[in-house]
Amino acid sequence: MRWQEILDRFRPVTAPGGAAESAEHVAERSGPVLELAPVFAALDADLDAAARLTAQAEALAVERLEQARRDAAADVARARREAPAREADAAASILADAAAEDAALMQRARDDAARLLDARSPRVAEAADAVVATLQADLGAAS
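Thresholds, definitions, all that
Residues numbered from 1 in each chain as written. Predicted model: local features only at pLDDT ≥ 70, side-chain atom pairs only at ≥ 80, totals over all residues. Heavy atoms only, no water. Helix = DSSP H or I, 4+ residues; strand = E, 2+ residues; numbered from the N terminus. Buried < 20%, exposed > 50% of the residue type's maximum accessible area, 1.4 Å probe, protein only. Salt bridge = Lys/Arg side-chain N within 4 Å of Asp/Glu carboxyl O. Patch = residues over 30% accessible without salt bridge, like charges linked within 9 Å, V, L, I, M, F, W, Y side chains within 5 Å. Areas by Shrake-Rupley, 256 points an atom, 1.4 Å probe, with all protein chains shown as cover.

Colleague: Looking at this structure, how should I read the overall build of the chain?
Modeller: For the chain, the count of helices and strands is 3 helices and 2 strands. In sequence order, the chain lays out its α and β elements as α-β-β-α-α. Counting across all 143 residues of the chain, residues that qualify as buried make up 1%.

Written as structure tokens, this is what we have:
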């Protein structure tokens with residue numbers, strides 16, 4: 001700012017003439033609004049652009065939020081439709097696994113029984129026949 005412009009900001013409060021003892025700042029009479037009006041006028045275009053960008057961003061956010069809500073509702077509806085089939089598939093898989101495990105366990109029991117039968121001595125068969133005969137006799141006498 002030039003020297004003269006600084007001095008022009010002050011006006012004498014007393015009658016025109018020589019230098020006065022008191023002076024009032026021009027800004028105090030006209031206010032800062034008048035001084036800053038050109039600055040604010042220059043910023044109006046930027047403020048309008050910022051307002052447009054803010055409005056666009058808000059509209060985009062609302063649109064994306066609504067789309068996310070629609071997508072979530074569609075996902076929930078699809079999950080509810082598919083739930084019975086998935087539960088049935090899971091139950092069938094569990095039953096198939098249990099059946100396979102039962103079959104393997106039964107085969108191990110058969111193999112163990114066959115090994116025991118092969119390993120028995122001939123006297124075991126005679127003892128078993130004697131036990132069966134005794135039981136049959138006792139049951140026949142009891143009836």
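Colleague: How do you make sense of the pattern of salt bridges when you look at a structure like this?
Modeller: When their charged atoms lie close together, side chains carrying opposite charge are able to pair. Counting across every chain of the model gives 4 salt bridges. With its nearest N and O atoms 2.5 Å apart, the salt bridge here joins Asp75 to Arg78. Separated by 3 residues within a single helix, Asp75 and Arg78 lie in helix H2 (residues 26-119), roughly one turn from each other. Its relative accessible area of 41% is what places Asp75 among the partly exposed residues. For Asp112, the salt bridge is made with Arg115, and the minimal N-O distance between the two is 2.1 Å. Here the residue Asp112 and the residue Arg115 both occupy positions in helix H2, the gap between them amounting to 3 residues, near one helical turn.

Colleague: Looking at this model, I keep getting lost on a nonpolar patch on the surface. Mind explaining?
Modeller: A surface patch of nonpolar side chains, about 450 Å² in accessible area, is lined by Leu36, Val39, Phe40, Leu43 and Leu47. Here Val39 lies in helix H2. Using a relative accessible area of 43% as the deciding quantity, one classes Val39 as partly exposed.

So yeah, pure geometry; function would need other evidence.
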